[in-house]
Amino acid sequence: MPDHSLKNDEPGADLTVRNPDAAPAPRRTRRSPASLREFALVAVLYACYDAVHALIRGEAPEAVRHARDLLHLEHLLAIDIEHPVNNVLEQAVPIAVAACFFYASAHFIVTPAVLVWMWLRHAGHYTATRTVLAAVTVLALLGFWLFPTAPPRLVPGAGFHDTLADYSTWGWWAATDSAPKPLAAVANQFAAFPSLHVAWSLWCGVTLWRYARQPAVRALGAAYPLITALVVVGTANHFALDVLSGAGLWFVCDRTVRQLTTLRRRRQPVGPGPTEVNLR
């Protein structure tokens, strides 16, 4: 009888028959309308944050009292570094102007840029990463509401230079806030604790460090939260405890979401893989 078997070196030798009951192999698909829905959701959340942030109000005496309490606690802990950093920055005009531009810009540009990058380049990790950012933002807003705190520059008699006010003629920010001048009247001045600048910058920096392949990008990711911490303290917009609380907030949210994601993946049933039968 003729031999109808296929040898390994013959064309068609790798033909296989897949089990029809097996789960289909994953395929790369084009972006669906879910992309637009996701971007719309993020835009709405961002707009809601700005609106709620502006609406949360604290009384000036209460916010100043909380700021003085933080400053006193820092003195007891020997971590009250704000005055020397603020004094050095105030005297170095080029660095002070650059710090003001950084404070008024990076917070609102880098964060959404990293979010979009995750969606386009690392979709498999996007949901968990976005959830961390959302949790950080919501909990920070809760902190602003429960513990309104004046920034160091707005504490009377504390001896801080208001760097943003001193160099407001160099940029678009108002003398009273980092917001654009037309929006200064509605900006919330008493949202220093925790530092959302630091929490968001850590989210950006760690995300770039984890998922970027280029060493230069990873290095920028590592440097970004450090520069942010120096800027917010140097411009007298945050206390050291604001910085530490912002970092702690990011850490708790990141660890919680990552652990929940791991548990969910472990509980997902694993379907049968494709069954291959060589034709001989």
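What counts, and at which threshold
Residues numbered from 1 in each chain as written. Predicted model: local features only at pLDDT ≥ 70, side-chain atom pairs only at ≥ 80, totals over all residues. Heavy atoms only, no water. Phe/Tyr/Trp six-rings, centres within 6.5 Å; stacked < 30°, edge-to-face > 60°. Lys NZ or Arg CZ within 6 Å of the ring centre and 35° of its normal. 1 Å grid on protein atoms, 1.4 Å probe; cavity = no way out; pocket = protein on both sides within 12 Å on 5 of 7 lines; lining within 4 Å. Points joined across faces, edges and corners; volume = space filled by probe spheres on them. Helix = DSSP H or I, 4+ residues; strand = E, 2+ residues; numbered from the N terminus. Nonpolar A, V, L, I, M, F, W, Y, C, P; charged D, E, K, R; others polar. Core = buried A, V, L, I, M, F, W, Y, C linked by side-chain atoms within 4.5 Å. Buried < 20%, exposed > 50% of the residue type's maximum accessible area, 1.4 Å probe, protein only.

1. So, the packing of aromatic side chains
Then step 1. Scanning the model with the defined rule gives five aromatic pairs in all.
Then step 2. When the ring centre of Trp209 is taken as reference, the NZ or CZ atom of Arg218 above it lies at 4.0 Å.

2. A closer look at empty space enclosed by the protein
Then step 1. The final tally for this structure, using the stated rule, is one cavity of 30 Å³ or more.
Then step 2. Estimates place the volume of the largest cavity at around 50 Å³.
Then step 3. Looking at the largest cavity, the residues that line it are Phe102, Tyr103, Ala106, His107, His197, Ser201, Tyr224, Thr228, Val231 and Val232.
Then step 4. Contributing elements (two or more residues each) for the lining of the largest cavity: α4 (93–121), α7 (196–211) and α8 (215–234).
Then step 5. Grouping the amino acids of the lining of the largest cavity by side-chain chemistry returns six nonpolar, four polar and no charged.

3. Notes on the nonpolar core
Then step 1. Counting 40 residues, the largest nonpolar core has Val132, Val136, Phe144, Leu196, Trp203, Val232 and Trp250 as its most contacted members.
Then step 2. Those elements giving two or more residues to this core turn out to be α4, α5 (123–146), α7, α8 and α9 (240–267).
Then step 3. Core analysis: the next-biggest nonpolar cluster, separate from the first, contains twelve residues, Val64, Phe160, Ala236 and Leu241 among them.

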